[in-house]
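Each chain, written out:
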Amino acid sequence: MDSIGNTFWDGLASFERQANATKDARIMKILIVFGIIAIASASNYHGASTYVSKQIIALVLGLILYVVISFIDMEIIAEHQTIVVIFSAIFLAMLYPFGVEGNTGNKSWISIPGLPFMIQPAEYCKILYILVAAQIMNIYQERINSLPCVFRLGLVSAVYVGLIVIISKDAGVALIYVFTFIIMALAGGFSFAWFAAAGAGLAVIVPILWNSSLVRNDQKERIMMLFDSSIDPQGTEIRYQTARSLNAISGGGLFFKSLDRKAPLPLFLGGRGELLIP
């Protein structure tokens with residue numbers, strides 16, 4: 001037991017040395033401090049430090065998990081890609097019987113009794129997806145544009161994206177997987193011919209999906225609102241995120257608001273936004 005504890009503290013000390021030695025780590029520390037200040041500014045209207053305390057606790061837990069996970073050899077996990085994909089599929093499929101919608105309208109969360117927070121499988125599976133995709137590209141690195149490589153990557157991506165869209169109906173998270181795949185494919189040296197072929201395929205598939213029952217009306221409106229100003233002009237439904245984002249960007253002004261805010265920040269109190277400018 002002592003050896004495990006010593007290994008952990010040695011790893012923590014090593015992490016601290018690396019954190020002090022790299023420019024990226026210094027930037028990360030600045031962003032962490034700035035984020036806490038931003039939350040303190042936005043939540044000061046309540047006269048309490050609840051949000052700041054939660055952020056600090058989450059930060060500490062995140063650092064501990066970072067150190068623990070750093071001891072895991074990711075190459076070993078990546079080598080067992082079939083098992084990883086099966087595990088991911090089961091994890092995502094658990095949303096069907098146990099998933100809850102929360103206040104998002106998407107069945108993206110699993111609530112476990114006794115835990116003060118819910119789990120979003122798609123977020124954890126992002127890491128596994130990247131590991132599997134990277135391993136496939138590594139196996140075929142000498143023939144990255146071969147049909148077997150593209151087929152395996154496409155099949156794996158379809159499993160993740162398909163389960164997310166079909167079970168949780170969270171198109172936003174599914175798009176993150178798609179963009180992750182595109183970035184990795186570009187960085188890996190995929191031929192633009194494959195992208196052209198994918199674009200041609202989308203040109204055929206998208207109109208069919210658009211007119212099917214797979215795409216909800218609210219999802220269509222999220223796209224059409226870019227071209228039709230009559231859709232949710234008050235910004236209370238479909239345009240909510242956009243309106244609150246503009247509110248956050250403009251609310252801070254050129255030099256930001258001070259920490260003694262005496263009025264609520266609508267975006268922060270709304271609970272449905274992820275953009276915050278103090």
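Criteria and cut-off values
Residues numbered from 1 in each chain as written. Predicted model: local features only at pLDDT ≥ 70, side-chain atom pairs only at ≥ 80, totals over all residues. Heavy atoms only, no water. Helix = DSSP H or I, 4+ residues; strand = E, 2+ residues; numbered from the N terminus. Contact = heavy atoms within 4.5 Å. Patch = residues over 30% accessible without salt bridge, like charges linked within 9 Å, V, L, I, M, F, W, Y side chains within 5 Å. Areas by Shrake-Rupley, 256 points an atom, 1.4 Å probe, with all protein chains shown as cover. Salt bridge = Lys/Arg side-chain N within 4 Å of Asp/Glu carboxyl O. Buried < 20%, exposed > 50% of the residue type's maximum accessible area, 1.4 Å probe, protein only. Phe/Tyr/Trp six-rings, centres within 6.5 Å; stacked < 30°, edge-to-face > 60°. Core = buried A, V, L, I, M, F, W, Y, C linked by side-chain atoms within 4.5 Å. Pairing = 2+ DSSP bridges. Axes fitted to C-alpha atoms, helices over the stretch in contact; angles between N-to-C directions. Parallel < 35°, antiparallel > 145°, perpendicular 65-115°, else oblique. Lys, Arg positive; Asp, Glu negative; His and termini not counted. pLDDT = per-residue confidence, 0-100. Left-handed = near helix turned anticlockwise from the far one by under 90°. Nonpolar A, V, L, I, M, F, W, Y, C, P; charged D, E, K, R; others polar.

Participant: Explain the side chain of Gln135 to me, and be specific about the residues and the numbers.
Facilitator: By secondary structure assignment, the location of Gln135 is in helix α7 (residues 121-139). Non-local contacts of Gln135, meaning those with residues more than four positions away in its chain, are made with Ala78, Glu79 and Gln81.

Participant: Describe a nonpolar patch on the surface, listing the residues and the values that go with them.
Facilitator: Taken together, Ile56, Ile57, Val60, Leu61, Ile64, Leu65, Val68, Ile69 and Ile72 make up a surface patch of nonpolar side chains, about 760 Å² in accessible area. Tracing the chain through its elements places Ile56 in helix α3 (residues 50-69).

Participant: Pulling in residues and values, what's your account of the pattern of salt bridges?
Facilitator: Enumeration according to the criterion identifies 1 salt bridge in this entry. A salt bridge links Lys126 to Glu123; its shortest N-O distance comes to 2.9 Å. Taken together, the positions of Lys126 and Glu123, both in helix α7 and 3 residues apart, correspond to about one turn of that helix. Here Lys126 falls in the buried class, since its relative accessible area comes to 19%. Glu123 gets classed as partly exposed once you look at its relative accessible area, which sits at 33%.

Participant: Please give an account of the packing of aromatic side chains that cites residues and values.
Facilitator: For the structure on display, the rule yields 6 aromatic pairs. With a centroid separation of 5.2 Å and an interplanar angle of 65°, the aromatic rings of Tyr129 and Tyr160 are classed as edge-to-face. Of this pair, Tyr129 sits in helix α7 while Tyr160 is found in helix α8 (residues 147-168), placing the two residues 31 residues apart along the sequence. When sorted by exposure, Tyr129 lands in the same class as Tyr160, which is buried.

Participant: Tell me about the nonpolar core, and name the residues and values.
Facilitator: Judged by nonpolar contacts, the single largest core of 28 residues is most densely connected at Val132, Leu153, Val156, Tyr160, Ile164, Tyr177 and Phe190. Listed by contribution, the elements that provide at least two residues to this core are α5 (81-93), α7, α8 and α9 (171-188). Examining the composition of this core, we find that 8 residues originate from one element, α7, more than from any other. Among residues more than four places away in sequence, those in contact with Tyr160 are Val84, Val85, Ser88, Leu92, Cys125, Leu128, Tyr129, Val132 and Tyr177.

Participant: Tell me about the sheet that holds strand β1 (residues 99-100), and please be specific about residues and values.
Facilitator: Taken together, the 3 strands give an open sheet; going across it, the order is β1-β2-β3, and neighbouring strands pair in antiparallel fashion. The sheet terminates laterally at β1 and β3 (118-119), the two strands that pair on one side only. With 2 bridges joining them, β1 and strand β2 (residues 109-111) adopt antiparallel strand pairing. Each bridged residue has a counterpart across the sheet, and for Gly99 the counterpart in β2 is Ile110.

Participant: Can you tell me about the packing of α5 against α8, naming the residues and giving the values?
Facilitator: Geometrically, a packed helix pair is captured by the angle between its two axes and the distance between the axes. Relative orientation of the contacting elements α5 and α8 amounts to 10°, with a least axis distance of 9 Å. By the angle between their axes, α5 is roughly parallel relative to α8. Contact residues: Gln81, Val84, Val85, Ser88, Ala89, Leu92 and Ala93 in α5; Arg152, Val156, Val159, Tyr160, Leu163, Ile164 and Ile167 in α8.

Participant: Can you explain the side chain of Asp232? Please cite residues and give values.
Facilitator: In this fold, Asp232 is placed in the loop between α11 (217-224) and α12 (240-251). One buried charged side chain, Asp232, makes no salt bridge at all; its nearest oppositely charged neighbour is Arg239, positioned 5.6 Å away. Residues within four places of Asp232 in sequence aside, it is in contact with Glu237, Ile238, Arg239 and Tyr240.

Participant: Account for the confidence of the model for the protein, naming residues and giving values.
Facilitator: Confidence in the prediction for the protein averages 79 pLDDT; 76% of positions are at 70 or higher. For the protein, per-element mean pLDDT is lowest for helix α13 (residues 266-270), which scores 44, and highest for α5, which scores 92. This stretch, residues 263-273, has a pLDDT under 50; its non-local contacts, to residues over four places away or in other chains, come to 27 contacts.

Participant: Break down the packing of α8 against α9 for me, with residues and values.
Facilitator: Axis separation between α8 and α9 bottoms out at 8 Å; the angle between their running directions is 165°. In terms of orientation, α8 and α9 fall into the roughly antiparallel class. The two elements α8 and α9 cross, and the hand of that crossing is right-handed. Every residue of α9 that contacts α8 at Leu153, Ser157, Tyr160, Val161, Ile164 and Val165 is listed here: Val173, Ala174, Tyr177, Val178 and Phe181. Here the residues of the contact of α8 with α9 are counted per class, giving 10 nonpolar, 1 polar and no charged.

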